[in-house]
Amino acid sequence: MSELIGYVNGADVLLIISLVIFMIVFVVAAIYMITISKDTCDRLSHLPLTENENNGKE
Amino acid sequence: MQKEQFSYDNTIVRNFAIATMVWGIVGMLVGVIIATQLFEPAMNLNLRYVTFGRIRPLHTNAVIFAFVGNAIFTGVYYSLQRLLKARMFSDVLSKIHFWGWQLIIVSAALTLPMGFTSSKEYAELEWPIDIAITIIWVVFGWNMIGTIVKRRERHMYVAIWFYLATFLTVALLHVVNSFELPVTFMKSYSWYAGVQDALVQWWYGHNAVAFFLTTPYLGLMYYFMPKLAERPIYSYKLSILHFWSLIFIYIWAGPHHLLYSSLPDWAQTLGVAFSVMLIAPSWGGMLNGLLTLRGAWDKVRDDARLKFMVVGITAYGMATFEGPMLSLKNVNAIAHFTDWIVSHVHVGALGWNGFLTFGMLYYIIPKIYNTKLFSTKLVSTHFWIGTMGIIFYAVPMYISGFTQGVMWKQFTADGMLKYPNFLETTLQILPMHMLRAFGGLLYLTGVIIMVVNLAKTMRQGSLVRNEEAEAYALTKEENAPGATYWHRWIERRPTQFIIMAFIMVAIGGAVEFLPTFLIKSNIKTIESVTPYTPLELAGRDIYIREGCNNCHSQLVRPFRSETVRYGDYAKAGENVYDHPFLWGSKRTGPDLSRSGDETGVFRKGAEWHFKHMWDPRSTSPGSIMPRYMWLYEDNIDVAALPAKISAMRTLNVPYEEGKEDKVEAEVSEQAEAIWKQLQTSEKGIEQQMLAEKGIAVDQNKEIIALIAYLHKLGRDIHPKENSDNQTALNNK
């Protein structure tokens with residue numbers, strides 16, 4: 001694989017960097033998603049349905 | 001704490017909604033007209049202003065930026081105010097945005113039929129309009145971000161994330177892709193050339209689909225689906241994951257439009273890999289939309305507005321599954337350049353964008369007019385006619401595309417192309433083109449029904465221009481990050497959010513662009529490739545003006561079926577002086593990149609082109625190409641050429657100093673050579689012109705420049721000495 005990628009000057013680094021960057025973004029987004037509490041999610045998901053209600057505090 | 005009283009601006013929502021309807025009808029009507037031209041070319045009435053090449057961009061611009069654009073603004077202005085519990089930041093900015101956008105659309109509608117085009121797909125508008133788009137887009141963003149800043153709701157709901165990402169990324173795409181050097185008031189050359197131009201263009205083109213046709217509509221879906229279903233979105237967590245993944249991955253996928261081209265292989269592979277990965281976040285959005293209806297599917301049976309939403313979201317799911325499949329090289333080998341892509345695009349446009357827009361308008365108009373829909377039966381009628389329209393459009397185009405792809409590649413047992421004449425493959429699919437036009441007509445009929453229904457709804461109600469509302473103001477403590485979840489640092493603060501989103505969308509483009517632009521080995525030059533002569537440059541600009549690239553590609557892929565039919569496969573080095581590149585994305589007619597290769601199989605003589613452009617059916621019976629009679633009447637604009645040569649030199653095309661002074665003589669010399677060929681081989685042609693339309697053709701006419709350009713294409717790959725004196729002229 002690395003030999004194949006190595007045919008293009010500099011591309012081996014580029015391709016690996018691309019996938020590493022993606023993994024970082026995905027893992028951070030996943031942590032972001034997991035750490036948000038269920039109550040907060042429920043409140044946020046109801047925002048379009050509660051626009052005429054008070055913007056109460058959590 | 002006292003609640004604050006304020007009002008929502010519904011006038012701006014109404015204005016954008018009306019514009020959506022008006023431009024929707026215009027854009028779709030133009031679509032139906034060009035669809036008919038693809039089986040009956042005389043439908044252009046032999047008028048230059050309505051030929052397919054000129055008004056196909058009008059159709060795409062009208063439906064994308066006028067219909068969909070206005071629909072986005074309708075939905076954003078409606079939902080943003082309510083989600084943030086705040087009136088728009090500035091009514092003046094709202095008005096400037098509305099009227100500025102309509103002015104841009106009118107400018108497009110006037111300039112594109114006149115042939116003022118940059119030729120870059122979905123970015124055809126010339127530089128003054130590009131500047132206007134930038135200004136108006138900034139006004140939109142200013143107004144939106146200003147509203148976010150003065151909001152009364154702490155959290156930015158996920159729909160707003162999509163709106164912000166749309167604003168940011170479209171701005172980035174538009175500015176980078178529109179780098180062009182003005183030559184005259186309505187003429188410019190792309191700053192980039194050849195492969196680099198292609199990479200930038202399809203980075204833009206693909207992400208125009210992503211960030212103009214997808215992300216804002218996902219935002220609208222996240223607002224209007226819960227409203228119509230009267231239940232919250234299925235999973236807010238899923239929306240978080242799919243938002244960040246989607247905006248990050250989408251931007252990398254552009255190169256899948258350039259598979260088997262002379263773009264470096266690593267960039268193509270990167271495009272394919274990220275395209276396949278794109279299924280996950282796309283389907284995350286689709287499933288989140290559809291599963292919102294869990295336990296409430298009975299509502300869909302009774303509410304045609306929900307039917308629109310469900311079919312729209314399903315179309316999104318289909319299109320976003322098909323897209324990655326089309327990016328696989330083996331599928332792309334058959335589908336690219338065919339009607340398959342047209343069908344794929346229209347499933348997304350008619351289904352996802354169209355149907356979501358209709359569902360949204362049927363919700364908004366009665367709300368802001370404080371009334372009920374004039375007729376729910378008509379909504380249902382619209383839904384079924386629209387659905388039939390999509391089916392009649394898409395199915396024939398799939399059949400047509402697959403037929404084309406297979407016929408182009410078919411060989412006989414003796415190893416010869418089974419359909420060596422491209423025209424055979426065109427004639428085979430004409431019935432499908434007729435059915436497609438019928439499908440488009442059905443869809444348009446549905447839209448007209450909607451407009452009548454909504455106009456009656458407006459008439460029976462009364463516009464609530466300023467809708468009263470009340471909410472608590474945000475306190476300082478609530479704005480502080482404090483001991484809350486770390487991610488609120490982003491989701492409560494538009495500045496941080498925009499910076500993060502910018503980083504996400506900028507990475508992909510940077511990784512693809514920088515090596516292609518900076519590492520020389522990615523674009524190998526070819527010594528025999530020379531710049532265009534002044535006459536060829538004039539011909540190239542005519543080619544661009546007439547939109548020939550809308551039907552003819554200039555990219556021979558490295559397949560036996562293509563090299564046998566056209567000639568040598570495309571190389572990066574042969575396009576280094578092409579500002580802009582003209583590879584095209586569709587083969588309604590054959591590829592033209594080898595039409596000047598004197599050792600190749602595809603070259604046609606000057607007399608053939610001369611006869612063909614006057615009446616394509618005289619040389620190619622059954623052809624669906626329009627006649628270009630005005631090329632025989634209008635003189636070549638020689639006076640404009642010195643400025644064009646200078647501009648090209650600024651763009652690093654190696655014209656020698658003082659070339660401008662020789663333009664007239666060089667044009668005359670090369671035109672005379674072509675004219676002489678015509679006189680020798682087709683002595684009667686001049687008389688024929690005279691008899692038919694009273695036209696006296698001579699070597700100064702535009703047709704001569706166009707022939708010169710066509711004979712340049714591919715000639716430098718296999719130069720042949722002493723032919724037409726053109727090679728010698730190039731080296732002058």
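Criteria and thresholds
- Residues numbered from 1 in each chain as written.
- Chains lettered and ligands numbered in written order.
- Predicted model: local features only at pLDDT ≥ 70, side-chain atom pairs only at ≥ 80, totals over all residues.
- Heavy atoms only, no water.
- Helix = DSSP H or I, 4+ residues; strand = E, 2+ residues; numbered from the N terminus.
- Rg over C-alpha atoms; globule rule 2.2 N^0.38 Å.
- Contact = heavy atoms within 4.5 Å.
- Areas by Shrake-Rupley, 256 points an atom, 1.4 Å probe, with all protein chains shown as cover.
- Buried < 20%, exposed > 50% of the residue type's maximum accessible area, 1.4 Å probe, protein only.
- Polar contact = N/O pair within 3.5 Å; in protein donor to acceptor, adjacent residues only side chain to side chain.
- Axes fitted to C-alpha atoms, helices over the stretch in contact; angles between N-to-C directions.
- Parallel < 35°, antiparallel > 145°, perpendicular 65-115°, else oblique.
- Left-handed = near helix turned anticlockwise from the far one by under 90°.
- Nonpolar A, V, L, I, M, F, W, Y, C, P; charged D, E, K, R; others polar.
- Core = buried A, V, L, I, M, F, W, Y, C linked by side-chain atoms within 4.5 Å.
- Domains from an automatic or database assignment.
- pLDDT = per-residue confidence, 0-100.
- 1 Å grid on protein atoms, 1.4 Å probe; cavity = no way out; pocket = protein on both sides within 12 Å on 5 of 7 lines; lining within 4 Å.
- Points joined across faces, edges and corners; volume = space filled by probe spheres on them.

S.K.: When you look at the overall build of chain B in this model, what are you seeing that I'm missing?
M.R.: The secondary structure content of chain B amounts to 29 helices and 4 strands. On C-alpha atoms alone, chain B measures out to a radius of gyration of 27 Å, which is about the 27 Å that the 2.2 N^0.38 rule sets for 732 residues. Projected onto the principal axes, the alpha-carbon positions of chain B cover approximately 90 × 50 × 50 Å. A sequence separation of at least 24 residues applies to 83% of the contacts in chain B between residues at least 6 apart. Accessible surface for chain B amounts to roughly 25800 Å². Of this, 64% is attributable to carbon and sulfur atoms.

S.K.: I tried to follow the side chain of His 552 of chain B on my own but got confused; where do I start?
M.R.: Residue and element names in this part refer to chain B. Within the element layout of this structure, His 552 appears in the loop between α21 (534-545) and α22 (560-565). His 552 sits in the buried class, given a relative accessible area of 13%. A distance of 2.8 Å separates the side chain of His 552 from the backbone oxygen of Pro 590, its partner in a polar contact. Look past the residues within four positions of His 552 in its chain and what remains in contact with it is Tyr 543, Gly 584, Lys 586, Gly 589, Pro 590, Leu 592 and Met 625.

S.K.: Please clarify how the packing of helix α1 (residues 11-37) of chain B against helix α17 (residues 430-460) of chain B should be interpreted in this entry.
M.R.: Geometry of a packed helix pair, given as the angle between the helix axes and the separation of the axes. Residue and element names in this part refer to chain B. In contact at an axis separation of 9 Å, α1 and α17 are set at 160° when each is read in the N-to-C sense. Put simply, α1 runs roughly antiparallel to α17. Crossing geometry of α1 relative to α17 is assigned as left-handed. Along the contact surface, α1 presents Ile 18, Met 21, Ile 25, Met 28, Leu 29, Val 32, Ala 35 and Thr 36, while α17 presents Arg 436, Ala 437, Gly 440, Leu 441, Tyr 443, Leu 444, Val 447, Ile 448, Met 450, Val 451, Leu 454 and Met 458. Grouping the amino acids of the contact of α1 with α17 by side-chain chemistry returns 17 nonpolar, 2 polar and 1 charged.

S.K.: Would you explain the nonpolar core in this entry?
M.R.: Across soluble globular proteins, nonpolar side chains show a tendency to be buried alongside one another. In terms of nonpolar packing, the biggest core is built from 234 residues, with Trp 101, Trp 161, Phe 212, Trp 244 and Phe 248 of chain B touching the most fellow members. Per-element tally for this core: the top contributor is helix α2 (residues 52-84) of chain B, with 18 residues. Built from parts of two domains, this core gets at least three residues from each of domain 1 (10-471) and domain 2 (534-730) of chain B. In contact with Phe 248 of chain B, other than residues within four places in its own chain, are Ile 21, Phe 22 and Val 25 of chain A together with Phe 274, Met 504 and Ile 507 of chain B.

S.K.: In this structure, what is going on with the confidence of the model for chain B? I would like to understand it.
M.R.: For any part of a model where pLDDT is low, the fine detail of the predicted coordinates should not be relied upon. Confidence in the prediction for chain B averages 93 pLDDT; 95% of positions are at 70 or higher. Low pLDDT (under 50) marks residues 722-732 of chain B, which in the prediction has 31 contacts with non-local residues, meaning those over four places away or in another chain.

S.K.: Hey, could you run me through empty space enclosed by the protein in this one?
M.R.: In this approach, a probe sized like a water molecule rolls over the atoms, and the result shows the empty space that is left. Residues and elements named next belong to chain B. Evaluated as defined, the whole model comprises 8 cavities of 30 Å³ or more. The volume enclosed by the second largest cavity comes to roughly 200 Å³. Lining the second largest cavity we find 18 residues, and of these Tyr 532, Glu 574, Asn 575, Leu 713 and Gly 714 sit closest to its centre. Partitioned by chemical class, the residues of the lining of the second largest cavity number 7 nonpolar, 5 polar and 6 charged.

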